[in-house]
Amino acid sequence: MAKKQFKAESRRLLDMMINSIYTHKEIFLREIISNASDAIDKLCYQSLTDESVGLAREDFRIRVTVDRDARTVTVSDNGVGMNREEMESNLGVIAHSGSLGFKNDLEEGAQDKADIDIIGQFGVGFYSAFMVADQVTVVSRKFGEENGAKWESTGADGYTISDCVRENAGTDVIMHLKEDTEDERYSEYLDVWRLKELVKKYSDYVRWPIVMDVEHYEQQETGEKDENGEPKTEFVSTTVEETVNSMVPLWQRGKSEVSDDDCKAFYKEKFHDSEDPLAVIRVNAEGTVSYRAMLFIPAKAPYDFYSREFRPGLQLYSSGVMIMDKCADLLPECFRFVRGVVDTPDLSLNISREMLQHDRQLKVIATNLEKKIKSELKRLLDNDRASYETFWKAFGMQIKYGVVADYGMKKDLLKDLLVYENSFGEGRISLDEYVEKMPESQSLIYYAAAETAKLAAALPQTEQVRDAGYGILYMTDDVDDFVLKLLDGYKEKKFCNVSVDDLGLETDLEKSDTDRLSEENQALLDFMKETLAGEVADVRLSHRLKTHPVCLTTEGEVTLEVEKYFRSLPGANAEKVQATKILELNGGHAAFAALQKAFDADRDRAAALSKILLAQAKLIAGVPVDDPADYTELVCGLF
Ligand code: ADP
Ligand code: MG
C-alpha cells in the first residue's frame, strides 16, 4: 500500500510533536477526547432530525481502554465517524481552527522551549497523540455508510489509508506508546488510575460520559477455614465500568439548581482551600458574547500571594474542556486574588496564547467580570461588613496597590473600596462613610500616618483635629501616601495629613498670636535650628499642638512614611529620599517656658533641652533616634 506524504506544514508540526520536549505531554488525552466529544455532538445533533441514527442521548459515550501487552491506549466514540476522504482531509493537513495560528508561529521560526509550551497549553489537536505514541491508528466508520476506513501512521514518514470493517458508526484512535526513555516514562499512560486522573483533570466537564474499566480489589471468603477455624479470605479483582468524568459542570447549571453550599464545596475542592469563599459570583451572559462564569472571593490570601511566584488567572473552558488553567487576561491585576472558571463555547480549543491575548471576546468578558467583581465587593462592604473586614485583611493591600498601579489607571474603579481604621471607633470605614460623617464646618479629610493605628492616634498633631470634633483616618501602610496622592481628594474634599499640611483650624487671631510669639523668640528659634542642624530643616512655633510640647512635621512631597518606605527597601539608596523635617514647638507649653529660661541663663542647658525635645518628637513620630545612649545621657543630665 502506497504511503502518502503529509503536507509540508503538517510535517513540521508533526516533527515538533514527535520530538517534543514539552513536559506536559499528558494533554494528548484531552485533545483526543475532545475530538471524540465533538464527533458525538455532531451525530447527536443529527439524531434530532434523523430517526435512522437510532441512538438516544444517553447512548452516547467515549471509552478509554488500555492494552498493556500491546502497549496501546485507545479512545473510542460512537460519534459521527469519518470516511476515507474525510480522514484524508481532516487528519492529513493542519487546516483546522486554531492550528492555523500555531502554524504561523512556526513560520516565524519559533522553535525554542517557550513556544513549545504553547502546544502544551493549547494543544494542536489530533497530532498531539504523536507526543506519546510512535504509531497511531484511526479506525472509523462514518454514520450512514457501510464501509469502515483505517488511517495509520508512524509519524513523519507519512500515512496509509485502507478499508476495514467496523460494526457501527464511530471512531477508535489507537495510540501505540513510545518506549520509555531515561527522561520520559510513557508507560505511565498504561496505568488506568493515571488515565483516570488525567480525564478528571482536563476533561471532567466533557458533556458525554467517559467510561473506563477500572479494576477493584476486594477481600472475599474462599469458603475454607484456616487452622484457627476462621474463614480464609483472598483478594479478588473485579473490573467495573466507571464513568470517570462528572459531565455537567456546576457553572453550567441554573442558579436555582445549585445552592450556595454546593458552590462553596466546589470551590474548596477545586482550588484546594480549606475555608469557604467569602462570596460567589455567578454570571450567565448571553448575547454577542456568551459565557458562564463562577468566581470566588477567597477568605484568605494564599501563602505566596504577595510574591512573584503567585500566578493569578481564571480557569478557561470551552464547552467543558479546559483550555487554560490560569488565564491572566481574564482578570484585571487589581483583582488578581479572585479564583474561578469561565466557560465560553465560542473559543476554539487550539487557539494560541497570542491569539487569546488579542481575542476581542475575551476582552469583553474580562471587562464584564471586572464590573461584577467590583459590585460584589461593594455589596460586601455595604451589607456584610464582617466579611468585608476579612476580605480587607487578606487583600486590602492588593486594592491599595491596584490604585497606584499604572499611574492610577484603576483608581476610579477602586477608590470606594478603600477602608481605613479611624478615630470614630472600632472597625474600618470607607471614604464615603467618612465624608458622610463630616459636619458642615469641616472641609478637609484628615489623616494621620504611623506604624499602627494606635501610634497614629497618639500623634500630638491629631489633638486639634479631634478637639474640633472631626474624625481622623489612620494610615498604617507604606503605600497609603501614594494612594492618597493619586486620588488627590475624594468627593471634592482634599486630604489633609496632620503631620504635613495646614490643618485649617486656626482662627486669624490665633495665627497672628503665634506669629507674634515667633517674632519675639526668633533668637531662640535660630539657636535651636543651629543646634539641631542636619537633623531638621527648621524649628518653628506650631499651629497644631494643644497639650504636647513638640511634634515632628515635614515639608514637601517626601513624608516620614515615604522616607520609611524607602529605608525599608533592600538595596535602595535611602539617603537620597529624605523628608524635610521640621521641629514644631508648642508656645503655650511649660517645656517652651523652660527653653526660654535656659536660653537666657545657660546655653548648654538650652542645647540639651533642644536635643531632648527633638528626640521625643522623633520617638512619637516613629522615627528612630540616631544615638539612644546620647539621648539617655542628656535626660540623666537634667537631674
Ligand atoms: P480540531 O479538533 O480543532 O478540528 P484536530 O486536529 O483535533 O482539530 O482534529 C482534526 C479533525 O479530525 C477534526 O476536525 C475532525 O474532523 C477529525 N476528527 C478527529 N478525531 C475525530 C473523531 N474521533 N471522530 C470524528 N472525526 C474526528
Ligand atoms: Mg480537536
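Residues numbered from 1 in each chain as written. Chains lettered and ligands numbered in written order. Predicted model: local features only at pLDDT ≥ 70, side-chain atom pairs only at ≥ 80, totals over all residues. Heavy atoms only, no water.

Student: Requested: an account of the packing of helix α9 (residues 360-383) against helix α10 (residues 385-404), with residues and values cited.
Tutor: Relative to each other, α9 and α10 sit at 125°, their axes nearing to 6 Å. With respect to their mutual orientation, α9 and α10 come out oblique. α9 and α10 meet at a crossing whose hand is left-handed. Side by side, α9 and α10 meet where Leu377, Leu380, Leu381 and Asn383 of the first sit next to Arg385, Ser387, Tyr388 and Phe391 of the second. When the residues that make up the contact of α9 with α10 are grouped by side-chain class, the tally is five nonpolar, two polar and one charged. (Axes fitted to C-alpha atoms, helices over the stretch in contact; angles between N-to-C directions. Helix = DSSP H or I, 4+ residues; strand = E, 2+ residues; numbered from the N terminus. Parallel < 35°, antiparallel > 145°, perpendicular 65-115°, else oblique. Left-handed = near helix turned anticlockwise from the far one by under 90°. Contact = heavy atoms within 4.5 Å. Nonpolar A, V, L, I, M, F, W, Y, C, P; charged D, E, K, R; others polar.)

Student: Pulling in residues and values, what's your account of the sheet that holds strand β10 (residues 291-297)?
Tutor: Here we have five strands laid out as an open sheet, ordered β9-β10-β13-β11-β12, and mixed in their pairing. A single partner strand is all that each edge strand has here, and the edge strands are β9 (279-285) and β12 (321-327). When strand polarity is set aside, the average angle formed by the axes of neighbouring strands in this sheet is 15°. With five bridges connecting them, β10 and strand β13 (residues 339-343) associate as antiparallel partners. Following the sheet pairing, Ala293 is matched in β13 by Val342. Where helix α7 (residues 260-270) meets the sheet, its contacts fall on β9, β10, β11 (314-318) and β13, and the angle it forms with β10 comes to roughly 80°. (Pairing = 2+ DSSP bridges.)

Student: Lay out the sheet that holds strand β2 (residues 72-77) with the relevant residues and their values.
Tutor: If you trace the eight strands from one edge of the open sheet to the other, you get β5-β4-β3-β6-β2-β1-β7-β8, paired in mixed fashion. Two strands lie at the open edges of the sheet, namely β5 (159-164) and β8 (231-243), each paired on one side alone. Averaged over neighbouring strand pairs, the angle between their axes works out to 20° when direction is ignored. Across the sheet, helix α2 (residues 27-47) lies against β1 (62-67), β2, β6 (170-177) and β7 (210-225), angled at about 20° from β2, the strand it touches most. Each of β3 (133-141), β4 (148-153) and β5 is contacted by helix α3 (residues 84-91), which is oriented at about 160° to β5, the strand it contacts most.

Student: Quick one: what's the story with the side chain of Ser76, residue by residue and with numbers?
Tutor: Tracing the backbone shows Ser76 in strand β2. Among the polar contacts listed, one links the side chain of Ser76 to the side chain of Asp172, at a separation of 2.8 Å. Dropping the residues within four chain positions of it, Ser76 is found in contact with Arg61, Ile62, Arg63, Arg166, Thr171 and Asp172. (Polar contact = N/O pair within 3.5 Å; in protein donor to acceptor, adjacent residues only side chain to side chain.)

Student: I'd like to hear about unusual backbone geometry, residue by residue, with values.
Tutor: Apart from glycine, the bulk of residues carry a negative phi angle, and the bulk of peptide bonds sit in the trans form. Although it is not a glycine, His272 adopts a positive phi angle of roughly 50°. Of note in this structure, Asp406 is not a glycine but carries a positive phi near 50°. Within the secondary structure layout, Asp406 lies in the loop between α10 and α11 (411-414).

Student: How would you explain the pattern of salt bridges if you had to name every residue and give the values?
Tutor: In total, this model carries 45 salt bridges according to the counting rule given. The partner of Arg544 in a salt bridge is Glu584, and the shortest N-O contact between them spans 3.2 Å. Highlighted residues: Arg544 in the loop between β19 (538-541) and β20 (550-555) and Glu584 in strand β21 (residues 580-585), separated in sequence by 40 residues. For Glu584, a relative accessible area of 6% translates into the label buried. Salt-bridge contacts for Glu561 lead to Lys564; the nearest nitrogen and oxygen are separated by 3.3 Å. On the criterion of helical spacing, the pair formed by Glu561 and Lys564 is a turn pair, its members being three residues apart in helix α18 (residues 560-568). (Salt bridge = Lys/Arg side-chain N within 4 Å of Asp/Glu carboxyl O. Buried < 20%, exposed > 50% of the residue type's maximum accessible area, 1.4 Å probe, protein only.)

Student: Account for the nonpolar core, with residues named and values stated.
Tutor: The tendency in soluble globular proteins is for nonpolar side chains to be buried side by side. Of all hydrophobic cores here, the largest spans 76 residues; its most connected members are Phe335, Phe337, Phe391 and Tyr446. If we skip the residues at most four places from it in the chain, Phe337 touches Ile297, Pro298, Phe305, Leu377, Phe391, Phe395, Gln398 and Ile399. Ranked by size, the runner-up nonpolar core spans 70 residues in total, among them Leu29, Ile32, Leu195 and Phe271. (Core = buried A, V, L, I, M, F, W, Y, C linked by side-chain atoms within 4.5 Å.)

Student: Explain the confidence of the model for the protein to me, and be specific about the residues and the numbers.
Tutor: Looking at the protein as a whole, its pLDDT mean stands at 88, while 92% of the residues score no less than 70. Counting contacts from residues 95-123, a segment whose pLDDT is below 50, to residues more than four positions away or on other chains yields 66 contacts. (pLDDT = per-residue confidence, 0-100.)

Student: Tell me what's going on with the pairing of β11, and back it up with residues and numbers.
Tutor: Among the five residues of β11, five are classified as buried, and the element is accordingly described as predominantly covered. As defined by bridge partners, β11 adjoins β12 across four bridges and the pair is classed as antiparallel. Opposite Ser318, over in β12, you have Val321 as the bridge partner. Once β11 ends, the chain turns through two residues before running back antiparallel as β12, passing Ser319 with a positive phi of about 45°. The pairing of β11 with β13 spans three bridges and is classified as parallel.

Student: Tell me what's going on with the packing of aromatic side chains, and back it up with residues and numbers.
Tutor: Think of a pair of aromatic rings as described by two things: how far the centres are apart, and how the planes are tilted against each other in angle. Counting across every chain of the model gives 29 aromatic pairs. With a centroid separation of 5.1 Å and an interplanar angle of 75°, the aromatic rings of Phe28 and Tyr189 are classed as edge-to-face. Here the residue Phe28 occupies a position in helix α2, and Tyr189 occupies one in the loop between β6 and α6 (192-203), the gap between them amounting to 161 residues. Pair check on accessibility: Phe28 and Tyr189 agree, each one buried. On the numbers, 6.1 Å between centres and 25° between planes, the contact of Tyr388 with Trp392 is stacked. Taken as a pair, Tyr388 and Trp392 lie in helix α10 at a separation of four residues, close to a single helical turn. Like Tyr388, the residue Trp392 is buried in the burial classification. (Phe/Tyr/Trp six-rings, centres within 6.5 Å; stacked < 30°, edge-to-face > 60°.)

Student: Can you lay out the pairing of β4 for me, pointing to particular residues and giving the numbers?
Tutor: Along a regular strand, successive side chains alternate from one face of the sheet to the other. Judged from the six bridges that link them, β3 and β4 form a sheet pairing that is antiparallel. Paired with Arg141 across the bridge in β4 is Gly148. Hairpin remark: β3 followed by β4, antiparallel, with six residues in the connecting loop; positive phi at Gly144, about 90°. In this structure, β4 lies alongside β5, joined through six bridges in antiparallel fashion. Each bridged residue has a counterpart across the sheet, and for Glu152 the counterpart in β5 is Thr160. Counting the residues in the hairpin turn of β4 and β5 gives five residues, including Gly155, whose phi is positive at 115°.

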